[in-house]
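Tertiary structure, described
Take a look at the letters that make up each chain.
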Amino acid sequence: DVYLKLFQKKLNLKAFIVSYKNANIKLMVDSKKEVGADRICNVKAAIKKTKKNCIVVDFGTATTYDITNECGDFIGGSIGPGIDISADYLIEKAALLKETIYTFPDKIIGQSTEANIQSGVMYGGLFSVIGMINAIKLEMKNPNMKIIITGGFGKLISDKLSIEHVYSKSLTMDGMIQVYLNNSPNQTGK
């Protein structure tokens, strides 16, 4: 409400806020209010792209896994720490430059503290994603689920990920546009 008032009264702009109320997605979760707008947008775009059950992995501040079923319903997911959150403590303690940490080293077994941290952060993050994707597929009893990767570290992980997937840099924005168009008076998004 505070932001809507700011946009409308102070800036004279009409704001549109994405929520579970206007996304036109069935959210099969305990509390629809708890599903973030970014996750709603990701699911909205993923449904349009895949038209079947999928896993969206978004590498942002948190690493989120959003799962849709055959009907295009959001059935839940998982939230873990982002790659940078996991690395920040190590970087602080090791007093190493943050820029060099987010690189895959040539080998998993590093020969320096920096290479050790790079390996742990990057390969640890990669193998965590592989494990989560495989566990979700097993729980869903569907080894053929479509995988979409997005988010800040998405491209970096996508380049190393051996599981068949699609990388979409603009997935969240695509979903946001779809929700907006579905709610616009001329209904151009339908």
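First, a word on what this report is: a plain description of the structure on this page. Residue indices begin from 1 for each chain and proceed along its sequence in written order. Only residues with pLDDT of at least 70 get local features here, since the model is predicted, and only at 80 or more are side-chain atom pairs given and counted; chain-wide, interface and lining totals rely on the full set of residues. With hydrogens and water excluded, all non-hydrogen atoms of the structure serve as input to the side-chain values.

A separate point is the sheet that holds strand β4 (residues 146–151). Any two strands with at least two DSSP bridges between them are considered paired. The secondary structure listing takes helices from DSSP runs of H or I that are at least 4 residues long and strands from runs of E that are at least 2 residues long, numbered from the N terminus. With mixed pairing, the five strands of this open sheet are ordered in space as β3-β2-β1-β4-β5. The outermost strands of the open sheet, each flanked by one partner alone, are β3 (74–81) and β5 (166–167). Where strand β2 (residues 62–68) meets β3, seven bridges bridge the pair, whose relative direction is antiparallel. Counterpart to A62 in the pairing with β3 is P81. Seen against the sheet, helix α2 (residues 37–50) touches β1 (54–59), β2, β3 and β4 and runs at an angle of roughly 45 degrees to β2. Note on contacts: a residue pair is in contact if any heavy atoms of the two residues lie within 4.5 Å. Between N-to-C directions, angles span 0 to 180 degrees; the directions come from axes that are lines fitted to C-alpha atoms, helices contributing only their stretch in contact.

A packed helix pair is summarised by two numbers, namely the angle formed by the two axes and the spacing between the axes. Look at α2 against helix α7 (residues 171–183): their axes get within 7 Å of each other, and the N-to-C directions meet at 85 degrees. Judged by the inter-axis angle, α2 sits roughly perpendicular to α7. Mapping the contact onto sequence places D38, C41, N42, K44, A45, A46, K48 and K49 in α2 and L171, T172, D174, G175, M176, Q178, V179 and N182 in α7. Ten residue types, Ala, Val, Leu, Ile, Met, Phe, Trp, Tyr, Cys and Pro, are classed as nonpolar, four, Asp, Glu, Lys and Arg, as charged, and the remainder, Gly among them, as polar. Grouping the amino acids of the contact of α2 with α7 by side-chain chemistry returns six nonpolar, five polar and five charged. Every angle not falling under 35 degrees, over 145, or within 65 to 115 is termed oblique; those three ranges are roughly parallel, roughly antiparallel and roughly perpendicular.

Turning our attention to unusual backbone geometry. Even without glycine at this site, K51 takes up a positive phi of about 55 degrees. Looking at the secondary structure, you find K51 in the loop between α2 and β1.

Our next topic: the side chain of N142. Mapping N142 onto the fold places it in the loop between α5 (113–140) and β4. Within the local environment of N142, its side chain forms a polar contact with the side chain of N53, the two groups lying 3.5 Å apart. Those residues in contact with N142 that lie beyond four places of it in its chain are N53, E70 and K137. Contacts described as polar in this section are N or O atom pairs within 3.5 Å, which, within protein, must combine one atom able to donate a hydrogen with one able to accept it, while residues neighboring in sequence count only if both atoms come from side chains.

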